[in-house]
Amino acid sequence: MANKTPRICQLETPFEKDTQFSWQDYPRPQLKRDSYISLCGVWQLSVKKYKVKVKQYSRFAGFAREYQTDDFEQTELGGIMVPYPPESRISGIERPLAENETYLYTRQFTLAEEFINDKVLIHFGAVDTNTVVMVNGRLAGVHRGGYLPFSFDITELIVAGENTITVEVEDTLDIELAYGKQRKDRGGMWYTPISGIWQPVWLESVPENHIESIRLTPSLEDIAIEVKGGAEEKTVIISTENGYITKVFSGEKVTISIENPQHWSPEKPYLYNFEIISGKDRVQSYFALRTVTIENVKGQNYICLNGKPYFFHGLLDQGYFADGIYTPFTPAGFVWDIMEMKKLGFNTLRKHIKIEPDLFYYYCDKYGMLVFQDMMNAGKYNYIIDTVLPTIGMKKGVTHKPSPRRKEFFEKECRILTDLLYNHPSVVYYTIFNEGWGQYDADRIYKELKEYDPTRIWDATSGWFIEKDSDVDSHHIYFRKIKIKARPSRPLILSEFGGFSWKVPDHSFNLDEEYGYKKFKSGEELTKGLCDMYYGDIVPAIRHGLNGAILTQVSDVEDETNGIATYDRQVIKTDEKSMQDMANKLFETFSQITE
C-alpha cells in the first residue's frame with residue numbers, strides 16, 4: 001500500500017504582526033554609512049524554463065560563456081517580496097524551483113543625483129545559489145554560493161533617475177556546494193529547500209578612496225582596530241561611560257586602551273559604539289572587550305570567557321521559521337529566539353549548518369547570547385555511515401574524499417565566513433565538520449583555520465569520527481544515558497543531545513507525523529523529562545569536566561517536533577521557572593568545580 005502524503009499545516013508566527021523591526025533597517029551595523037537605499041520590497045519575478053539540459057555543474061558554469069540564450073520559455077509569476085525565498089508563503093509566490101528552471105528577478109529603482117558619490121555599490125546578503133546580476137542591461141557581476149554576502153561596483157552602469165536591475169538565479173541543490181539542511185524530498189531532519197534572494201539587498205554610495213573593511217581584535221583592556229582602505233590619516237572616536245576617546249592615526253592599524261573597561265558577557269553585554277572618519281568617508285561601528293581562551297584550572301583544561309572558566313548552556317539553532325523558511329517575517333524572529341531562550345536560562349546558541357544575516361549576530365552581541373557557529377556542509381550524506389554506525393558506537397576512521405571542486409569551495413568559504421564574523425563578540429566557537437558530513441582532512445583544516453583565527457575555539461569534528469587535532473572533545477549522545485568524562489588536555493563539550501518531542505496540537509507543521517528521539521504528551525511531561533536528564537546526567541558530567549552542553553533544539557522545524565518552542569513560535573513548551581532553576585543548578589555546580 002502506497003504511503004499517503006502527509007497533511008501540511010500553514011502556521012503563522014507572531015512576527016507577521018510586528019512593526020518594531022523591518023528588513024528596511026540597515027543590514028550591516030558593524031560598517032554603517034548614512035548613504036543607504038534598501039532594495040527590499042516588491043520585485044517582479046518570472047521563471048525561465050530551459051528546453052536544453054546542461055550537463056555542466058551550472059547553466060552559468062564558469063560564468064565565462066554568455067549565459068543568456070534563446071532556448072527557454074519565460075513565464076511571469078507576479079510580485080515577490082524580497083528578501084523572502086520564493087518557496088515561502090510570505091514571499092507571495094510559494095513555489096519550488098523545478099529542474100532546468102531559473103528565477104529572474106526584476107526591479108526598477110530611482111537614484112537622485114546627489115546620492116551618487118564617487119562609487120555606488122550594490123550589496124546582496126545572500127542568494128541561493130548561482131547568481132547573475134545585470135543593471136540597465138549590462139553585466140554587474142556573478143556569484144556562486146548560497147550563504148555568503150557579495151557586492152558589485154555598479155558606478156559605470158547606473159544613471160541619475162530610473163534604473164533597472166535583474167537578478168537571474170539558478171539552484172540545482174548541487175551537493176558539491178554548501179546546502180545545509182535542504183533536500184528536495186524533505187522530511188525528518190531534512191527540510192524544504194529554498195532558492196533565490198533570501199537576505200537583504202541594498203545600495204550605498206562611497207568615496208573613491210573608502211573604508212572597505214575593519215577588523216577588531218579585543219583584549220580586556222584595549223581594542224586593536226585594523227582598517228582596510230580609506231585615506232592615510234584616520235580618526236577614531238569611541239563613546240564610553242566616561243565620555244569620548246579620540247585617536248588620530250596614520251596607516252592601517254591602531255591599538256587604543258580603554259580606561260575602566262567594561263567587559264562583554266551574556267550576563268552583561270556591554271558594547272562600545274565608535275566612528276571612523278577617513279578622508280571623505282565616515283562609518284559607524286561597535287566593539288566589545290572580551291576574550292575566549294583555553295586555560296588549565298585544577299588540572300583540567302576549560303574554555304574561559306574573559307579569563308574565567310565558563311559553562312556554555314546552549315541549544316541547537318537551525319534558523320528555520322514557519323513564515324519565511326530561511327528568513328523570518330521581520331528580524332523580530334531573531335530577537336524572539338534570543339530573548340525567549342535567555343528567559344529559560346540558556347546563554348548559547350549553536351547555529352547549525354546555516355549562516356544568518358548580519359543582524360542575527362548583531363542581536364546576539366546586543367542582547368548577550370553566545371554563538372557556536374557551524375561551517376556549511378557539502379558533499380554526500382550517508383545515513384548508515386554518518387549516523388547509524390556512530391550511534392551504535394563505531395566512531396573511528398570515516399572520511400569522505402572530496403572532489404577538487406568541493407575542496408576548493410569549502411575551504412574558501414570557511415575563511416570568508418571567519419572574516420565575516422570576526423568582529424562579533426558573541427561568536428566564540430566554530431564547528432568545522434558535523435557528524436562526519438563531508439568530512440575530510442580534518443586535522444589539516446583545523447590547523448589552518450586555527451592559525452587563521454586563533455581568537456576562537458575550533459571544534460574540528462563535532463559528534464564523532466574524531467581525528468587527532470581539535471581544541472575540544474566534542475560528543476553527540478542520543479538514545480542512551482549520558483555518561484562522559486573529560487580528558488585533562490581538552491575541554492569537554494556535549495555538542496548535541498536530547499531531541500525530546502512534544503507535538504503541540506494546532507501548532508505543528510506536519511499533521512500526521514512526529515519526529516523526535518523521545519516522545520512526551522504534555523508540557524509538564526516534557527519539562528520533567530528535561531529536568532530529569534539535566535539533573536541526572538548533565539550535572540554529574542560537570543563534576544567530570546563537562547564545559548558545555550547543547551540541547552536539541554530551539555524550535556520545532558517542519559516534521560521535527562523536538563523544539564523548546566513550536567515552529568510558529570506561538571508556544572513555549574517548557575515551564576520557565578523549572579528551566580531557570582535547572583540552569584542555575586548547572587552554573588552553581590560548575591562554579592563549585594572550577595573556582
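Our structure is the block above this text.
None of these values were measured; they are calculated from a predicted model.

**Points about a negative patch on the surface**
A cluster of like negative charges, contributed by Glu524, Glu525, Asp575 and Glu576, occupies part of the molecular surface. Relative to the helices and strands, glutamate 525 is located in helix H6 (residues 523-542).

**Things to note about the packing of aromatic side chains**
Applying the stated criterion to the full structure yields 44 aromatic pairs. Summarising the aromatic geometry, the rings of phenylalanine 21 and tyrosine 363 are spaced 5.7 Å apart at their centres and angled 85° between planes, so their arrangement reads as edge-to-face. Of this pair, phenylalanine 21 sits in the segment before strand E1 (37-38) while tyrosine 363 sits in helix H2 (residues 358-367), placing them 342 residues apart in sequence. Each of the two residues, phenylalanine 21 as well as tyrosine 363, counts as buried. A cation sits over an aromatic face here: arginine 183 above tryptophan 190, 4.1 Å from the ring centre. Sitting over the face of the ring of tyrosine 452, arginine 415 holds its NZ or CZ atom 5.7 Å from the ring centroid.

**Let's talk about the pattern of salt bridges**
In a structure, side chains of opposite charge can pair up when their charged atoms sit close to one another. Under the counting rule described, the total for this entry stands at 34 salt bridges. Here arginine 456 and aspartate 453 are joined by a salt bridge, their closest N and O atoms 3.5 Å apart. The buried category is assigned to arginine 456, whose relative accessible area is 2%. Between aspartate 581 and lysine 577 there is a salt bridge whose closest N-O contact spans 2.8 Å. Of the two residues, aspartate 581 and lysine 577 both sit in helix H7 (residues 576-594), four residues apart, roughly one turn of that helix.

**Considerations on the sheet that holds strand E7 (residues 130-135)**
Taken in spatial order, the six strands make up an open sheet running E3-E2-E4-E10-E7-E8, and their pairing is antiparallel. Single-partner strands in this sheet number two, and they are strand E3 (72-82) and strand E8 (138-144). The average angle at which neighbouring strand axes cross in this sheet is 20°, direction not considered. Judged from the six bridges that link them, strand E2 (residues 41-50) and strand E4 (residues 101-111) form a sheet pairing that is antiparallel. Of the residues in E4, the one forming a bridge with leucine 45 is tyrosine 105.

Analysis parameters
- Residues numbered from 1 in each chain as written.
- Predicted model: local features only at pLDDT ≥ 70, side-chain atom pairs only at ≥ 80, totals over all residues.
- Heavy atoms only, no water.
- Patch = residues over 30% accessible without salt bridge, like charges linked within 9 Å, V, L, I, M, F, W, Y side chains within 5 Å.
- Areas by Shrake-Rupley, 256 points an atom, 1.4 Å probe, with all protein chains shown as cover.
- Salt bridge = Lys/Arg side-chain N within 4 Å of Asp/Glu carboxyl O.
- Lys, Arg positive; Asp, Glu negative; His and termini not counted.
- Charge placed at Lys NZ, Arg CZ, Asp CG, Glu CD.
- Helix = DSSP H or I, 4+ residues; strand = E, 2+ residues; numbered from the N terminus.
- Phe/Tyr/Trp six-rings, centres within 6.5 Å; stacked < 30°, edge-to-face > 60°.
- Buried < 20%, exposed > 50% of the residue type's maximum accessible area, 1.4 Å probe, protein only.
- Lys NZ or Arg CZ within 6 Å of the ring centre and 35° of its normal.
- Pairing = 2+ DSSP bridges.
- Axes fitted to C-alpha atoms, helices over the stretch in contact; angles between N-to-C directions.

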